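Overview (structure and organization)
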Amino acid sequence: MAAAEHHHLIIFGGYARLPANVSPAPDMNVISIELEVDVQNKIIIAATLNFNAQLAEKMLQGLLIGHRLDHGIDGVIQAIRARYHSSIQRALVACVEDAYRQYQQYDQESGRQTARSSN
């Protein structure tokens, strides 16, 4: 497939600091999530977590993949808080919220660009 065919697939990253008691090494004190979003349809199509927690990543993928971002993320955040009980829960929530903020910023900027180009 040509690169132009994927121009509507954008990756948004979210980051958060890990609690000191779970950081695997002093230089690895950040957790991150990446969300691949079909920005035309506002749907998350892939999600990865950079922390060695396979079940957490699997749960996140189940919550996020297929989720419509125009519906917000409050339901996803509530589900994480209800289903994931760990020292990194806050960091996990913060990552998802940060990635969503990145998406919102992109969506607002692309909306302004579309409005300018159609004037």
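Every value quoted in this text rests on a predicted model; they were computed, and no experiment measured them. (Residues numbered from 1 in each chain as written. Predicted model: local features only at pLDDT ≥ 70, side-chain atom pairs only at ≥ 80, totals over all residues. Heavy atoms only, no water.)

Moving on to the pattern of salt bridges. Where charged atoms of side chains with opposite charge meet at close range, the side chains can pair. Counted by the stated rule, this structure contains 3 salt bridges. Note that K42 and D107 form a salt bridge whose closest N and O atoms lie 3.5 Å from each other. Separated by 65 residues along the polypeptide, K42 in the loop between β2 (30-38) and β3 (43-49) and D107 in helix α3 (residues 89-118) bring together distant segments of the chain. Taking relative accessible area as the criterion, D107 reaches 28% and is therefore assigned partly exposed. (Salt bridge = Lys/Arg side-chain N within 4 Å of Asp/Glu carboxyl O. Helix = DSSP H or I, 4+ residues; strand = E, 2+ residues; numbered from the N terminus. Buried < 20%, exposed > 50% of the residue type's maximum accessible area, 1.4 Å probe, protein only.)

In this section: the pairing of β3. With 6 bridges joining them, β2 and β3 adopt antiparallel strand pairing. Residue pairing in the sheet places V37 in a bridge with I44 of β3. Connecting β2 to the antiparallel partner β3 that follows it, the hairpin turn spans 4 residues, and K42 within it adopts a positive phi of roughly 60 degrees. (Pairing = 2+ DSSP bridges.)

Of all hydrophobic cores here, the largest spans 33 residues; its most connected members are I31, L60 and I80. Those elements that provide at least two residues to this core are β1 (9-17), β2, β3, α1 (54-64), α2 (74-83) and α3. With 8 residues, α3 is the largest single contributor of residues to this core. Residue contacts for L60: discarding those within four places in its chain leaves I33, L49, I65, I80, L92 and V96. (Core = buried A, V, L, I, M, F, W, Y, C linked by side-chain atoms within 4.5 Å. Contact = heavy atoms within 4.5 Å.)

You can see N29 is positioned in the loop between β1 and β2. Sequence separation of N29 and P19 is 10 residues, and the distance between their C-alpha atoms is 7.6 Å.

No statement about biological role is implied by the geometric values presented.
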